[in-house]
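# A closer look at the structure
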Amino acid sequence: EKLKKNSSAPYIINMEPPDGGNFCQCNTCQHLTVSDQVYSLANKVAEYIYQKDTNAYVSLYAYNKHAEVPSFELKKNIIIGVVPYALQSFGSPETIMKRWESTGAKLFLRDYLSIPDWTQNRPTYQINGSFMNKINNILNNDYLGYNFETTASFMSVGLQFYLLSQASWKEIDET
């Protein structure tokens, strides 16, 4: 209700759990994967808020211990930010993306571009156009968008910013 009062649709509630572990180990939950625990709660909240307003969404990442696809279908008003390139151990980035793409869920790519602690602020260059392959993949698979975390260093991410800007401005959908 507060979101509806203070903003316009769509109304998005973030349900991303903390980065650490310590998921429920009660008798019911101890047999579930972390993904099933996280997305089960998200499904319940999504169902509840959809009854209040069909423009209400739940957003969270496919990340860390809950990067795996859950064993059940997600509600249509859940938005998933797939984080395939860091902090997960469930397969290659391409495998994770394909698994999530096969669910039909609303997706966006959550990426990291040259985090200084990981690259000592050195420039990164991905051979064979792999950065643009990411962009083409999200376009070809109807991702809602692309979100990334990076350093402010042009040396580290200048090329990626340039390529992303060029790809973005070729065809703009302001929605």
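Below you will find a few notes about this structure. As the structure is a computational prediction, the values presented were derived from the model and not from experiment.

Below, the discussion takes up helix α2 (residues 34-52). Here α2 contains 19 residues, and its C-alpha end-to-end distance of 28 Å stays within 8% of the 27 Å for a straight helix at 1.5 Å per residue. When α2 is considered as a whole, its buried residues turn out to be Ser-35, Asp-36, Gln-37, Val-38, Tyr-39, Ala-42, Asn-43, Ala-46 and Ile-49. On its buried side, α2 packs onto β1 (11-14), β2 (56-62), β3 (78-82) and α3 (93-101).

A cis amide bond, omega 0°, links Ala-9 with the succeeding residue Pro-10. With respect to the element layout, Pro-10 can be found in the loop between α1 (2-6) and β1. You will see that Asn-64, though not glycine, has its phi angle at about 55°, which is positive. For Asn-64, the position within the fold is in the loop between β2 and β3. The phi angle at Asp-142 is positive, at roughly 60°, despite the residue not being glycine. Among the structural elements, Asp-142 can be located in the loop between α5 (130-140) and β5 (146-150). In this structure Asp-142 comes out as exposed when scored by relative accessible area, which is 66%.

In this structure, Tyr-39, Val-58, Leu-60, Ile-78, Ile-80, Trp-100 and Tyr-146 are the most contacted members of the largest nonpolar core, which totals 28 residues. Mapped by element, the contributors of at least two residues to this core are α2, β2, β3, α3, β4 (106-113), α5 and α6 (154-170). With 5 residues, the single largest contributor to this core is α2.

Attention now goes to the pattern of salt bridges. Per the counting criterion, the structure on display carries 2 salt bridges. A salt bridge links Lys-4 to Asp-53, with the shortest nitrogen-to-oxygen separation between them at 3.2 Å. You can see Lys-4 sitting in helix α1 and its partner Asp-53 sitting in the loop between α2 and β2, a full 49 residues away along the chain. Assessed through its relative accessible area of 14%, Asp-53 is described here as buried.

With that out of the way, let us pick up the sheet that holds β1. Hydrogen bonds between backbone groups are what pair the strands of a sheet, and the pairing can be parallel or antiparallel. Taken in spatial order, the 5 strands line up as β1-β2-β3-β4-β5 in an open sheet, and their pairing is parallel. Only two strands of the sheet have a single partner each, and these edge strands are β1 and β5. Neighbour-to-neighbour, the strand axes of this sheet turn through a mean angle of 25°, independent of strand direction. In terms of strand pairing, β2 meets β3 through 5 bridges, oriented parallel. When the bridges of β3 are listed, Leu-60 appears paired with Ile-80. Sheet contacts for α2: β1, β2 and β3; angle to β2, the most-contacted strand, approximately 165°. The sheet contacts of α3 involve β2, β3 and β4, and relative to β3 the element is tilted by about 170°.

The rules behind these values
- Residues numbered from 1 in each chain as written.
- Predicted model: local features only at pLDDT ≥ 70, side-chain atom pairs only at ≥ 80, totals over all residues.
- Heavy atoms only, no water.
- Helix = DSSP H or I, 4+ residues; strand = E, 2+ residues; numbered from the N terminus.
- Expected span 1.5 Å × (residues − 1).
- Buried < 20%, exposed > 50% of the residue type's maximum accessible area, 1.4 Å probe, protein only.
- Contact = heavy atoms within 4.5 Å.
- Core = buried A, V, L, I, M, F, W, Y, C linked by side-chain atoms within 4.5 Å.
- Salt bridge = Lys/Arg side-chain N within 4 Å of Asp/Glu carboxyl O.
- Pairing = 2+ DSSP bridges.
- Axes fitted to C-alpha atoms, helices over the stretch in contact; angles between N-to-C directions.

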